[in-house]
Amino acid sequence: MNVPSLRKLESDLQVNKTTLHNWKKNRPKLFEFIIESYKNKEMLKKHLELLIEQKELIEKEIKVTKNIIN
């Protein structure tokens, strides 16, 4: 999992780089929580993509089986 860039954080959180640096320095738990949230989001996104891929494979298998039966 990649750590989001400062630009990404700036736009998503609507804060500037100075604020992010201050959080990192003065509020490390908050900053770490934000980073971990992005990692979790990325993991969930990948999991969802895999589920969609599995769904498509199952649908193809169902079509093949239907064609065999008919």
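Above this text you will find the structure in question.
Residues numbered from 1 in each chain as written. Predicted model: local features only at pLDDT ≥ 70, side-chain atom pairs only at ≥ 80, totals over all residues. Heavy atoms only, no water.

(A) Geometry of the pattern of salt bridges. In the structure shown here, the tally under the stated rule is 3 salt bridges. In this structure, D12 engages K8 in a salt bridge whose closest nitrogen and oxygen atoms are separated by 3.1 Å. With D12 and K8 both in helix α1 (residues 6-13), this residue pair falls 4 residues apart, about one helical turn. Across the pair K39 and E36 runs a salt bridge, and its minimum N-O distance is 3.6 Å. Within this pair, K39 and its partner E36 are both found in helix α3 (residues 28-69), separated by 3 residues, close to a single helical turn. (Salt bridge = Lys/Arg side-chain N within 4 Å of Asp/Glu carboxyl O. Helix = DSSP H or I, 4+ residues; strand = E, 2+ residues; numbered from the N terminus.)

(B) View of a nonpolar patch on the surface. Residues L48, L51 and I52 make up a contiguous nonpolar surface patch of about 260 Å² in total accessible area. Along the chain, I52 turns up in helix α3. (Patch = residues over 30% accessible without salt bridge, like charges linked within 9 Å, V, L, I, M, F, W, Y side chains within 5 Å. Areas by Shrake-Rupley, 256 points an atom, 1.4 Å probe, with all protein chains shown as cover.)

(C) Inspection of α3 at higher detail. Its 42 residues give α3 an end-to-end C-alpha distance of 61 Å, which sits within 8% of 62 Å, the value for a rise of 1.5 Å per residue. Buried within α3 are the following residues: F31, I34, I35 and Y38. Looking at the packing, one finds that the buried side of α3 touches α1 and α2 (17-26). (Expected span 1.5 Å × (residues − 1). Buried < 20%, exposed > 50% of the residue type's maximum accessible area, 1.4 Å probe, protein only. Contact = heavy atoms within 4.5 Å.)

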